[in-house]
Amino acid sequence: MQQLSRPIYLACAFVLFQICSTQANAAGVDLLIRQARVIDGTGSPWFLSDVAVDDGKIVALGAHLDIEADQVVQAAGRVLTPGFIDVHTHVESSDRRDGLQRLPRADNYMLDGVTTIVTGNCGGSEIDVAAWRDSLDNLGINVATLIGHNSVRRSVMGLDDRAPTADEMEKMQVVVEQAMRDGAVGLSTGLLYVPGTYANTEEVIKLAKVASRYGGVYASHMREQGAKLHDSIDETVRIGREAKMPVQISHLKVKGPTRWGSIGSALELIESYRREGVDVVVDAYPYERASSNLGLNMPRWSVAGGADQIAARIEDTDTHARIVGEMKEMLAANGYTDYSFAAVAQYKPQPSYNGRTISEINRLTERPASIDNEIVTILDMMVEGGAAGNSQGASMVYHYMSMDDVDTIYRYPNTAVASDGTINEFGRGHPHPRSYGTNAKVFADFVRERHVLTLEDAVRRMTSLPARTFSFQDRGIIRPGFVADLVLFDPETVTDKATFSEPHQYTEGFDYVIVNGVVTVADGELTDNRPGQFVSNIGAKQ
Ligand SMILES: [Zn+2]
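Structural notes, computed from the coordinates.

A word on the pattern of salt bridges
What the rule picks out here adds up to 30 salt bridges. With a shortest N-O distance of 2.7 Å, Arg 34 and Asp 50 are connected by a salt bridge. Highlighted residues: Arg 34 in strand β1 (residues 29-38) and Asp 50 in strand β2 (residues 47-54), separated in sequence by 16 residues. The buried category is assigned to Asp 50, whose relative accessible area is 1%. As a salt-bridge pair, Asp 167 and Lys 171 come within 3.3 Å of each other at their nearest N and O atoms. Here Lys 171 and Asp 167 lie together in helix α5 (residues 166-181), a separation of four residues that amounts to about one turn. When its relative accessible area of 46% is taken as the criterion, Asp 167 is described as partly exposed. Taking relative accessible area as the criterion, Lys 171 reaches 45% and is therefore assigned partly exposed. Each of the salt bridges in this network shares a partner with another, and the network as a whole consists of Asp 407, Lys 441, Asp 445 and Arg 450.

Structure follows, in structure tokens:
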């Protein structure tokens, strides 16, 4: 041991005496990164170190490692961080041209430094997790999934606006249990969306308890993120508390100009629950616009059932009037005077609408600008295909939030960085830029330009914080024995290129991305390596 430097010795003493001492004395690890400013993911300040990787794991750290390697990368002062763990994605797209099965290298995430994603959020997931897991092939990045309440409910009781029977409840529990056995990392809900919105709190608790037995997380797109935001936080915490599981509040926000500036009180409420001992954390994407479906503008009762039932309600004179009345109330309550905050990302029946706001589309149809006419435009679009939902009908980008609130959320120490994005076919449609640029935007805008976060704290929110919540116990920190998911970059130059007007642009500046010890991006270019795996929350299961 004498020839080992002190950091190596400590690393060895800490975890892996056997491996480190062997590696340090013998020639030949797979990869050696020299002289990086290592930001280890814990929030600790950077330190200069070499990092040795072998057989998929980090095997040694030290200021001057005396190790031979098959491949040596000179970091030359660039920062080396754990690969980013994005716990909020939607990559199980039912659209045959998008999603992980069609685009398994996940170029947009890879080039944004992401090495592990969690999908199945907001209540929407594959039901048969084993079949989905087995169907995944040639993955570039690691993927985990939640089991989604909306998908489970839909599979058992359709899109009905009612409570489940005892038999249906039991069937849903069986589906959740099987998904957890097959490797799901927890239960997600989307209590704003059909059909999850028709579930009461008790229904969700019963299902969460099943996921809890298998070490799962409860991740929730909450019931309401405007006037009832605090009630929604209370409900979310209650579910986690009664089911005894960690709570991840998804994409925290407060919607509508009338409420901008008030997110601090929601964070105080969350923090008060933490003081009581509830394990609740948050994720958020670094943009002031959200993305969702078109039907979100309509009252919840009016979007029950399938597209035909929605169309029938819109076309019925009395019901139509009730829908229009409630839509006006919703608009006013959120502080909007028209629908210019709502832009089409992708509208299958009429692609020329892509990128335009509802107000602009209304003018295109040569109707005078008025709230009534804009509502007619929305309802027409719903009837003509928009009711089919996000991937099949209409996906939208909504200017719901203020950047000040987003900054406040990001300053909260327990907020993880997550994209809420997907894997789009490059160049198609007009998606939210978050799928391409989330992590780079945090470094370029929140760290470098506006100093909202320090570099080390930003990295922590992309790595060890999400890894901890989801029990990825050997990822998210640069430490011997941990999986070698790594990113090398210059924090002075890394830049998100994707914008709302030109979203299909890859991030530039994540020079090296390493997944499970294998180089997937070298000198800023994608390699052909596909080392990604289906991952679960190792060690959390009973
Ligand atoms: Zn959501």
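From this point on, the discussion continues.
Re the coordination of the zinc ion
Here the zinc ion is held by Cys 122 (SG), His 221 (ND1) and His 251 (NE2), and the distances to it run 2.1 Å. One chain supplies every donor to the zinc ion, and in sequence these donors are spaced C-x98-H-x29-H. Separated by 30 residues along the polypeptide, His 221 in strand β11 (residues 217-221) and His 251 in the loop between β12 (247-249) and α8 (263-275) bring together distant segments of the chain. Assigned by exposure class, His 221 and His 251 land together as buried.

Quick look at the packing of aromatic side chains
Evaluated as defined, the whole model comprises 18 aromatic pairs. When the ring of Phe 341 is compared with that of Tyr 400, the centres are 6.1 Å apart and the planes differ by 35°; the resulting orientation is tilted. With Phe 341 in the loop between α10 (317-333) and β15 (342-347) and Tyr 400 in the loop between β16 (394-398) and α13 (403-411), this residue pair connects regions lying 59 residues apart in the sequence. The exposure classification of Phe 341 matches that of Tyr 400, with both residues buried. An angle of 65° between the planes, with centres 5.5 Å apart, marks the rings of Tyr 436 and Tyr 506 as edge-to-face. Here Tyr 506 lies in the loop between β18 (486-489) and β19 (510-515) and Tyr 436 lies in helix α14 (residues 434-449), a separation of 70 residues in the sequence. By relative accessible area, Tyr 436 is classed as buried at 1%. Members of the aromatic cluster, joined through ring pairs, are Tyr 336, Tyr 339, Phe 341, Tyr 398 and Tyr 400. Here the guanidinium or amino end of Arg 37 rests over the ring plane of Trp 46, the centre of that ring lying 5.2 Å away. A cation over an aromatic ring shows up here: Arg 322 above the ring of Trp 301, its NZ or CZ 3.8 Å from the ring centre.

A look at the nonpolar core
Counting 122 residues, the largest nonpolar core has Ile 233, Leu 252 and Phe 443 as the members making the most contacts within it. The residues touching Leu 252, leaving out its near neighbours within four places in the chain, are Met 222, Leu 229, Ile 263, Leu 267, Ile 270, Val 282, Asp 283, Ala 284 and Ile 409. Membership of the second largest hydrophobic core comes to 20 residues, among which are Val 38, Val 53, Ile 58 and Ile 478.

A few points about the sheet that holds strand β17 (residues 415-417)
Strand order in the open sheet made by the six strands is β9-β10-β11-β12-β13-β17, with parallel pairing throughout. Either end of the sheet is taken by a strand with one partner, and the two such strands are β9 (147-148) and β17. In this structure, strand β10 (residues 186-190) lies alongside β11, joined through five bridges in parallel fashion. Across the sheet, residue Gly 190 finds its bridge partner in β11, namely His 221. α8 contacts β12 and β13 (280-284) of the sheet and is inclined by roughly 150° relative to β13.

Some thoughts on the sheet that holds strand β14 (residues 290-293)
Strand order in the open sheet formed by three strands is β14-β16-β15, with antiparallel pairing between adjacent strands. The outermost strands of the open sheet, each flanked by one partner alone, are β14 and β15. Each neighbouring strand pair of the sheet contributes to a mean axis angle of 30°, computed without reference to strand direction. Examined bridge by bridge, β15 and β16 share five bridges and lie antiparallel to one another. Of the residues in β16, the one forming a bridge with Ala 342 is Tyr 398.

With respect to the packing of α8 against α13
Contact geometry of α8 with α13 gives a least axis separation of 9 Å together with a crossing angle of 20°. Viewed along their axes, α8 and α13 adopt a mutual orientation that is roughly parallel. Here α8 runs over α13; the crossing is right-handed. Residues Ile 263, Gly 264 and Leu 267 of α8 lie in contact with α13, whose contacting residues are Asp 405, Thr 408 and Ile 409. Tallied by class, the residues present in the contact of α8 with α13 amount to three nonpolar, two polar and one charged.

Notes on the side chain of Ser 536
Its location among the elements puts Ser 536 in the segment after β21 (525-526). Of note is the side chain of Ser 536, whose polar atom sits 3.3 Å from the side chain of Asn 537.

A word on the pairing of β13
Along β13, five of the five residues are buried, which leaves the element largely enclosed by surrounding structure. Burial along β13 is two-sided: Val 280, Val 282 and Ala 284 and Val 281 and Asp 283, pointing in opposite directions, are all buried. Across three bridges, the pairing between β12 and β13 is parallel. By the bridge assignment for β13, Gln 248 is matched with Val 281. Handedness of the crossover is the feature at issue here: the chain leaves β12, passes through α8, returns alongside β13, and the resulting connection is right-handed. Pairing geometry for β13 and β17, over three bridges, is parallel. Directly across from Ala 284, in β17, lies its bridge partner Val 417.

Calculation notes
Residues numbered from 1 in each chain as written. Predicted model: local features only at pLDDT ≥ 70, side-chain atom pairs only at ≥ 80, totals over all residues. Heavy atoms only, no water. Salt bridge = Lys/Arg side-chain N within 4 Å of Asp/Glu carboxyl O. Helix = DSSP H or I, 4+ residues; strand = E, 2+ residues; numbered from the N terminus. Buried < 20%, exposed > 50% of the residue type's maximum accessible area, 1.4 Å probe, protein only. Donors = N, O, S within 2.8 Å, 3.2 Å for Na, K, Ca; no water. Phe/Tyr/Trp six-rings, centres within 6.5 Å; stacked < 30°, edge-to-face > 60°. Lys NZ or Arg CZ within 6 Å of the ring centre and 35° of its normal. Core = buried A, V, L, I, M, F, W, Y, C linked by side-chain atoms within 4.5 Å. Contact = heavy atoms within 4.5 Å. Pairing = 2+ DSSP bridges. Axes fitted to C-alpha atoms, helices over the stretch in contact; angles between N-to-C directions. Parallel < 35°, antiparallel > 145°, perpendicular 65-115°, else oblique. Left-handed = near helix turned anticlockwise from the far one by under 90°. Nonpolar A, V, L, I, M, F, W, Y, C, P; charged D, E, K, R; others polar. Polar contact = N/O pair within 3.5 Å; in protein donor to acceptor, adjacent residues only side chain to side chain. Right-handed = clockwise from strand over helix to strand, strands pointing away.

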